[in-house]
Amino acid sequence: MSLTTYAWLVLLCPLVGTVTIALGFRRLPGRSAGWLGTLAIVASFAFSVLVFASLLSHGAHHRQFTSSLWRYDFTAGVDARMQILIDPLSTFMILVVSGVSALIHLYSISYMTEDPGYRRYFSYLNYFVFSMLLLVLAGNFILLIVGWAFVGAASYLLISFWYRRTTATRAGLKAFVINVVGDVGLVLGTFFIFTHTGSVEFLRVFRAAPHVWHSDQGSLVAGCVLLLVGAFAKSAQVPLHTWLPDAMEGPTPVSALIHAATMVTAGVYLIARMHPLFELAPTAAYVGAAVGCATLLIAATIALVQVDIKRVIAYSTMSQIGYMIMGVSAGAYAAGLFHLMTHAFFKALLFMAAGSIIGAMSGVQSLDRMGGFRRALPFTFLCFLVGGLALSGMPPFSGWWSKDDILGTIDARGGGFIVLGVAGYVGAFLTALYTFRMIFRAFYGAPVPEARELEQGHLHHAEVPRNPLTGEEEDTDVGFPGPGHFIAEREWPMRIAMGLLALLALIGGLANIPGVWDPIGRFLAPTFAGSRFADLHPSTSSAWIGLAIGAAVAAVGIGLAFRIWVGLPAITATLRERFTAAYVFLSNKWYFDELIDLVVVRPALWLGGLISAMLERTVIGGVITGGPVGVVRAGSAAVRRSQTGFLRYYAAAMVICMFAVALYFLVSSS
Amino acid sequence: MTLSYLIWLPLAFGLLAGALPRRLIGWFSVAGSVVVLGIAAYFLDRFRLGHAGLQFRTDVVWIGALGIHYKLGLDGLNVLLVVLSCLLFCASLIWSALREWERPRVYYLHLGLAQSAVLGAFCAQDLALFVGFFDLMLIPFYFLLGMWGSGERVRATTKLVVYTLVGSFFMLAAAVATGVIASSEHGTPLTFVLSSLQHLRLSHFNQDWVFLCFAFAFMVKMPLVPFHGWLADAYKSMPIPVVAVFSGIVSKVAAYGFVRITLSLFPYAAVHFQLMMLLFALVSILWATTVAFTTPDARLVVAYSSVAQLSFITLGIFSLRPEGIQGALLQMVNHGLVTAPLFFIVAVLAARAGGSERIRDMGGVAFRAPVLASLFLIVALATLAMPGSSNFIGEFMILLGVFRTKLAVAVVAFAGVVGAAYYALRLFIGTMHNRVGPRVASREIRLGDVAAIAPLVLAILALAFFPQFGLSRSQRTVQATVASAPELFGTPVRVAAR
């Protein structure tokens, strides 16, 4: 079979999984839906590996293939086919996406066992993987938008998976609407690009772009900035990020898969894919870099004060994606994608470990209630620690290599980019601080009752299941989420998934050692061959200096975290009192929600209220309708007195009148 | 096989049904509509793609002295709308047959008459014939609303009658004037055949006022804001199967009329009033969208979403660009396929919420009704034109057309896209998710009701994979329209040219 057939099969496997599980929702017994879903993704991963292998068998300059099945929207100048593009970039992405997804499916088999929506869950999860693979394989803008919106829909479905919780449905709606704003940006950007290049196919657009636009031409910058709106909405960048923390309403493996490892990195992929356009529109690229930088700092500061463990990790995701967006916008493509990969490993791992703690706490997510889980959850602790060290950028964990690769490459551009690089190191310090704040608060200190119960061999179960956000009692009618709780220590599929990810988080960074080897950069090179920044690399010595600085910053951050949250636990209260204003500002997440509410949501609802309550009644119902209808009604009152069924009169009158008018015109003309 | 069979069979079946015993009437009508659907499918199958002109033509002189022909034909503009009509009437009759109706003979006769009139209006290739069918269409719906309606049906019927009657008068006057003026201006014998009138262009001034009359009638029928005063009451009161076809099909006749009549006969006026029409459509999108996301009534959410989508279709038509018109034609089919199942689903939900159609009284149905939830989810996502649905391709082409003529209009119209996401999901979440509503008795959808909804959902899914199926059927005719009216699509004629 050919390379393109493998690539279509990569897409087909999860789609078949989705449909099979969805149709068999009444018949699939026990955990079989979970195994079926996992199998579909593992098969997809296997085909991705085959794509990878056959791509390598072609020469470095012949690694770009397209394949189309049928015409999709092929009329009036639009030339969209059902078409995929296979090149090193898309191959890299399908490997990461299907690989990490397979492990998260495996984890979910156990984690979701007692959930009444088990089959629905795996059907959605397969659908998500299909959408994400479609997004990265799409060969034209229209299919890209389809994949883009499909992952948004899958994300909505999974955020509001426990749909009896109003918090979950509200979060799902918010995520969906913000993602539609992103879709609109993408569609409008496509319009700008299509209008000038006359094609929606990526390769044709990239070939035509240098001939139709000169550098920084207005319409191209507009198009690229609109693409960025799409990227920001999907990748939770400021100011379109407010949906991501709320998205933590979904089951924890969903947060690991969609809201950390894969979907939210779509923006990074988009910018990397569109690099020929962004390089022609440097202004748009600067916007991307600046927003990425702002996001990484803002999110890191918010993460310092959050108490919900999943939300801390969510803000950390935002922050890390800020690094990637900043990187790919500044021309550090391979570095950005390298960080995308390592981040997928360690962030999925952190969420899985957090899921295990939440299981042990029987659904409670607040750090205030946790503590001393070190001995009760040794495996989870180890995994969390590996993930935390990788996130903080401690050598030799993967995050250290990849984050400093981004910062080193950005610094190599010199000029204003040095500022971004420095901001990145500030962010790295904050990252180490909030990560270890979380670790020390959850695993150190005196064990909480739940931890002590677990040390005695008994998993805690809450008497009344409650919504972790509002404390509201759960709807026991449907039992969402399931009554059972699962921890990695007791479930082997969870242990395998976490163990493998921990291993990858530990050694994944070795794929790129400055001065030694650089297989990821070399593999991706053909995609970025025409780029102005193809040779943008820091020298080996400066790369190692950067790595040393990164390690030092992380160590200082971890040390400070240890001093504050283990050494002097009382100091946090003092700090909070001392810096009340800053604390309130940060715990309100920089008031972005309130701002959007004030500027967008309220005016729209107010307008809706005005129109439906006032204008509909007075103008439409009163003035426009009321007059003529009143006249007719007065007239018909006479008819009604003599006869019932005045409708018949209307019909008859209408027919007669129409003939009269017709006659009049005919007579007058002849 | 001629188109006359297709058009008149529904009425014939409606009359025949009257001779049958009461309990057979409904299912006999369903069988009849399946036969009609089969005939429509036959025409669709035989339809030649590479052909721009009329196919399956019937052309008989009807009233020779007035130059009125009984001329029917299919081309890229109407072939899918004809199939859609047959499909929706079929679904609607299945829904009806599952329920008891007072005076069923008259009820099914009116539905048959309605289908005949609608199909006639779509197939008519003579202006007088079109107007005749267009007005004939109103009669069965008056009776269906007035006799089988619920709630404030008298008020609703009065409003509907007054509005459409006024609209019809304008259209009738305009149609007669078109034929008469064309023949006197060009010194040719009187004719109403569209293909002849196309070559007998009216003077600019006459085009203008005739265009406005037609536009008014069509905008009332669709309806667009501010001519929608009849909509809320009428849609609220109509029985569900009637509102499904009314919103799914009858509103399309008006949109189709814009393409078939106004663009090809009055191209100068279409360019002259382009901005006005775009602004009507734009205001209508924003107005209807905001009402749809604040109204507490589930059925009205669907009603106003329908207004918003028809406004998008109008926007596409008056982009006066091939991609916009292509998108509009595709979107007519898409909208019919989503709006009818939505009305059915609202009825299913109301039956589970103690008869109330208020969103507040619903909620939490999904857990006991996964099939209903899945069907609703697919339809809701298609309604909000999620990429991957054919509705998205329609909207994409429409907005691309508008983008290329009037960029600012397109940018503002995108607010309607975001709004649609909000109101469609608000309806879905409010009824299917959250806590179980106070009066909700949650249970799965009946198999019979699935039979009415599922074919439409399958059509939505099939078109999602192959939107090209619709686009390639209309593209030759749209190209020909472009070629035949260069003033429409080439450099716009300046107003100063008058």
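This one's a predicted model, so the numbers in the text were calculated from it and none came from an experiment.

What counts, and at which threshold
Residues numbered from 1 in each chain as written. Chains lettered and ligands numbered in written order. Predicted model: local features only at pLDDT ≥ 70, side-chain atom pairs only at ≥ 80, totals over all residues. Heavy atoms only, no water. Helix = DSSP H or I, 4+ residues; strand = E, 2+ residues; numbered from the N terminus. Rg over C-alpha atoms; globule rule 2.2 N^0.38 Å. Buried < 20%, exposed > 50% of the residue type's maximum accessible area, 1.4 Å probe, protein only. Contact = heavy atoms within 4.5 Å. Areas by Shrake-Rupley, 256 points an atom, 1.4 Å probe, with all protein chains shown as cover. Lys, Arg positive; Asp, Glu negative; His and termini not counted. Charge placed at Lys NZ, Arg CZ, Asp CG, Glu CD. Patch = residues over 30% accessible without salt bridge, like charges linked within 9 Å, V, L, I, M, F, W, Y side chains within 5 Å. Salt bridge = Lys/Arg side-chain N within 4 Å of Asp/Glu carboxyl O. Pairing = 2+ DSSP bridges. Expected span 1.5 Å × (residues − 1). 1 Å grid on protein atoms, 1.4 Å probe; cavity = no way out; pocket = protein on both sides within 12 Å on 5 of 7 lines; lining within 4 Å. Points joined across faces, edges and corners; volume = space filled by probe spheres on them. Nonpolar A, V, L, I, M, F, W, Y, C, P; charged D, E, K, R; others polar. Buried area = accessible area lost by both parts, 1.4 Å probe. Polar contact = N/O pair within 3.5 Å; in protein donor to acceptor, adjacent residues only side chain to side chain. Core = buried A, V, L, I, M, F, W, Y, C linked by side-chain atoms within 4.5 Å. Axes fitted to C-alpha atoms, helices over the stretch in contact; angles between N-to-C directions. Parallel < 35°, antiparallel > 145°, perpendicular 65-115°, else oblique. Phe/Tyr/Trp six-rings, centres within 6.5 Å; stacked < 30°, edge-to-face > 60°.

Trainee: Looking at this structure, I do not really get the overall build of chain B. What am I missing?
Mentor: What chain B contains, in helices and strands, is 20 helices and 2 strands. For a compact globule of 498 residues, the expected C-alpha radius of gyration is about 23 Å, and chain B comes in at 22 Å, within 12% of that figure. For chain B, buried positions account for 70% of its 498 residues. Looking at chain B alone, contacts between residues at least 24 apart form 81% of all its contacts between residues at least 6 apart. Here chain B displays about 14,600 Å² of accessible surface, and carbon together with sulfur accounts for 66% of that area. Positive and negative charge centroids in chain B, built from 34 and 19 side chains respectively, lie 4 Å apart.

Trainee: Mind showing me how you'd approach a nonpolar patch on the surface here?
Mentor: Residue and element names in this part refer to chain A. A cluster of nonpolar side chains, namely Trp-35, Trp-492, Ile-496, Leu-500, Leu-503, Leu-506, Ile-507 and Leu-510, defines an oily patch on the protein surface of about 710 Å² accessible area. Tallying contributions element by element places helix α20 (residues 492-507) first for the nonpolar patch, with 6 residues. Structurally, Leu-510 is set in the loop between α20 and α21 (519-524).

Trainee: How should I be thinking about the pairing of strand β1 (residues 65-75) of chain A in this particular structure?
Mentor: Within a regular strand, the side chains alternate between the two sheet faces. Bridge analysis of β1(A) against strand β2 (residues 78-86) of chain A gives 8 bridges, and the strand direction is antiparallel. The residue of β2(A) that forms the bridge with Thr66(A) is Leu85(A).

Trainee: Help me understand helix α3 (residues 79-97) of chain B, please; the structure alone is not making it clear to me.
Mentor: Owing to its 3.6 residues per turn, the α-helix brings residues three or four apart onto one side. The end-to-end C-alpha separation of α3(B) is 27 Å, in line with the 27 Å expected for 19 residues at 1.5 Å each. Judged by how many residues are buried, α3(B) sits mostly within the fold: 19 of 19 residues are covered.

Trainee: Help me out: how do you make sense of the layout of surface pockets in this one?
Mentor: Think of a ball as big as a water molecule: rolled over the atoms, this probe shows where empty space is left. Of the pockets and cavities examined, the second largest pocket occupies roughly 1,200 Å³. Around the second largest pocket sit 36 residues that line it, and Lys174(A), Val177(A), Ile596(A), Val600(A) and Val601(A) are the ones nearest its centre. Counting residues per element, the ones that place at least two in the lining of the second largest pocket are α6 (166-197) and α25 (592-642) of chain A together with α12 (274-292) and α17 (407-432) of chain B. Along the lines of polarity and charge, the residues of the lining of the second largest pocket split into 22 nonpolar, 6 polar and 8 charged.

Trainee: Hey, could you run me through the interface of chain A and chain B in this one?
Mentor: Often the size quoted for an interface is simply the accessible area lost on bringing the parts together. The interface is formed by 76 residues belonging to chain A together with 79 residues belonging to chain B. Here chain A packs against chain B, burying approximately 6,800 Å² in sum over the two surfaces, 79% of which is carbon and sulfur. Our count for the contact surface shared by chain A and chain B stands at 0 salt bridges. Summed over the shared surface of chain A and chain B, the number is 12 residue pairs in polar contact (both at pLDDT 80 or more). Secondary-structure elements contributing two or more residues to the side of chain A that touches chain B are β1, β2, α5 (141-159), α6, α25 and α26 (646-669) of chain A. In terms of residues, the side of chain A that touches chain B owes the most to one element, α25(A), which gives 16 residues. Among the residues making up the side of chain A that touches chain B, the classes are represented as 53 nonpolar, 10 polar and 13 charged.

Trainee: What's the story with the nonpolar core in this structure? I'm lost.
Mentor: One broad trend across soluble globular proteins is that nonpolar side chains are buried collectively. Within the largest apolar cluster, 440 residues are counted, with the highest numbers of intra-cluster contacts made by Leu277(A), Phe384(A), Phe130(B) and Leu315(B). Here this core gets 18 residues from one element, more than from any other, and that element is helix α15 (residues 333-360) of chain A. Leaving out residues up to four positions away in the same chain, Phe130(B) has contacts with Ala121(B), Ala124(B), Met171(B), Phe218(B), Val253(B), Tyr256(B), Gly257(B) and Ile261(B). Leu296(A), Tyr323(A), Met326(A) and Ala335(A) belong to the second-largest nonpolar core, a separate cluster that totals 17 residues.

Trainee: Before we go on, may I ask you to explain the environment of Thr339(B) in this structure?
Mentor: Residues and elements named next belong to chain B. Note that Thr-339 resides in helix α14 (residues 322-352). Taking the relative accessible area as the measure of exposure, Thr-339 reaches 2% and is therefore buried. In this structure the C-alpha to C-alpha distance between Thr-339 and Ile-445, which are 106 residues apart in sequence, comes to 18 Å. Within the structure, Thr-339 has its side chain in polar contact with the side chain of Ser-247 (distance 3.0 Å).

Trainee: Hey, could you run me through the packing of α3(B) against helix α4 (residues 104-123) of chain B in this one?
Mentor: Packed helix pairs are characterised by how far apart their axes lie and by the angle those axes make with each other. All names here are of chain B. The interhelical angle for the contact between α3 and α4, taken along N-to-C directions, is 170°, at an axis separation of 10 Å. By the angle between their directions, the pair α3 and α4 is classed as roughly antiparallel. When α3 is examined against α4, the residues Leu-81, Val-82, Ser-85, Cys-86, Phe-89, Leu-93, Ser-96 and Ala-97 are found in contact with a partner set consisting of Tyr-107, Tyr-108, Leu-111, Ala-114, Gln-115, Val-118, Leu-119, Phe-122 and Cys-123. Grouping the amino acids of the contact of α3 with α4 by side-chain chemistry returns 14 nonpolar, 3 polar and no charged.

Trainee: Looking at this structure, how should I read empty space enclosed by the protein?
Mentor: One pass over the structure, following the stated rule, counts 13 cavities of 30 Å³ or more. One number sums up the size of the largest cavity: a volume of about 160 Å³. Lining the largest cavity are 16 residues, with Ala385(B), Pro387(B), Phe392(B), Glu395(B) and Val417(B) positioned closest to its centre. For the lining of the largest cavity, the secondary structure elements donating two or more residues are α6 of chain A together with α16 (390-405) and α17 of chain B.

Trainee: Looking at this structure, I do not really get the packing of aromatic side chains. What am I missing?
Mentor: Centre distance and the angle of the planes are the two values used to describe a pair of aromatic rings. Evaluation of the coordinates by the stated rule reveals 59 aromatic pairs over all chains. Seen from their ring centres, Trp401(A) and Trp544(A) are 5.8 Å apart, and the 85° between their planes marks the pair as edge-to-face. Taken together, the residues span a long stretch of sequence, with Trp401(A) in helix α17 (residues 398-412) and Trp544(A) in helix α22 (residues 540-567) at a distance of 143 residues. A relative accessible area of 7% places Trp401(A) in the buried class. Ring geometry for Phe376(B) versus Phe428(B): centroids 5.3 Å apart, planes at 70°, classification edge-to-face. You can see Phe376(B) sitting in helix α15 (residues 370-383) and its partner Phe428(B) sitting in helix α17, a full 52 residues away along the chain. The two residues Phe376(B) and Phe428(B) agree in class, both being buried. Connected via pairs of aromatic rings, a cluster forms that spans Phe130(B), Phe134(B), Phe211(B), Phe214(B), Phe218(B), Phe258(B), Phe266(B), Phe273(B) and Phe318(B).

Trainee: I tried to follow the side chain of Ser54(A) on my own but got confused; where do I start?
Mentor: Mapped onto the elements, Ser54(A) comes out in helix α2 (residues 32-56). For Ser54(A), the residues in contact, after removing those within four places along its chain, are Leu3(A) and Tyr6(A).

Trainee: Even after reading the chapter, I still don't get the pattern of salt bridges, so can you show me in this structure?
Mentor: A side chain of one charge can pair with a side chain of the opposite charge if their charged atoms are brought near each other. Residue and element names in this part refer to chain A. In this structure the tally under the stated criterion is 24 salt bridges over all chains. Across the pair Asp-246 and Lys-174 runs a salt bridge whose closest N-O atoms are separated by 2.9 Å. In this pair, Asp-246 is assigned in helix α9 (residues 243-246) and Lys-174 in helix α6, connecting sequence segments 72 residues apart. Note on Asp-246: relative accessible area 17%, which makes it buried. Overall, Lys-174 belongs to the partly exposed group, its relative accessible area being 23%. Beyond isolated ion pairs, a larger network of salt bridges with shared partners links Asp-79, Arg-81, Glu-201 and Arg-204.

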